[in-house]
Amino acid sequence: MGEYKYKPQFGVIVICKDEKDQKEVYERLKEEGLTLKIVNV
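Along each chain, the written sequence defines residue order, and numbers are assigned to residues from 1. Side-chain atom pairs in this predicted model are given and counted only at pLDDT of 80 or more, local residue features only at pLDDT of at least 70, and totals for whole chains, interfaces and linings cover all residues. For the side-chain quantities, the full set of heavy atoms in the structure was used; hydrogens and water were omitted.

Peer 1: Go over helix H1 (residues 19-31), please, and point to the residues and values.
Peer 2: Numbered from the N terminus, helices here are DSSP runs of H or I no shorter than four residues, and strands are runs of E no shorter than two. Expected helix span is taken as 1.5 Å per residue step, with the number of steps being one fewer than the number of residues. Here H1 contains 13 residues, and its C-alpha end-to-end distance of 18 Å stays within 8% of the 18 Å for a straight helix at 1.5 Å per residue. Accessibility here uses a 1.4 Å probe with only protein chains present; expressed as a share of the type maximum, an area under 20% marks a residue as buried, one over 50% as exposed, and anything in between as partly exposed. Those residues of H1 that fall on the buried side of the exposure criterion are Asp-21, Gln-22 and Val-25. Angular distribution of buried residues about the axis of H1 spans 100 degrees; they occupy a single face of the element. Away from its buried face, by an angle of more than 90 degrees, H1 presents the exposed residues Glu-19, Lys-20, Lys-23 and Glu-31. Each polar contact in these results corresponds to two N or O atoms within 3.5 Å; when the atoms are within protein, one needs to be able to donate a hydrogen and the other to accept it, and residues that are neighboring in sequence are counted only if both atoms are side-chain atoms. The backbone nitrogen of Lys-20 lies 3.2 Å from a side-chain oxygen of the residue at the head of H1, namely Asp-18. Gly-33 sits one or two positions beyond H1 and adopts a positive phi of about 85 degrees. For this quantity, the arc is that covered by the directions from the helix axis to the C-beta atoms.

This is the structure we're talking about:
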């Protein structure tokens, strides 16, 4: 088998009311310099 190097990552999920709230939260956290990913479920 090939060698796989696992690097643990940690995150936080913020539950938003709607898409508008998601955008506002994203912008606020981005201004703080955080690395973000947008997820819709």
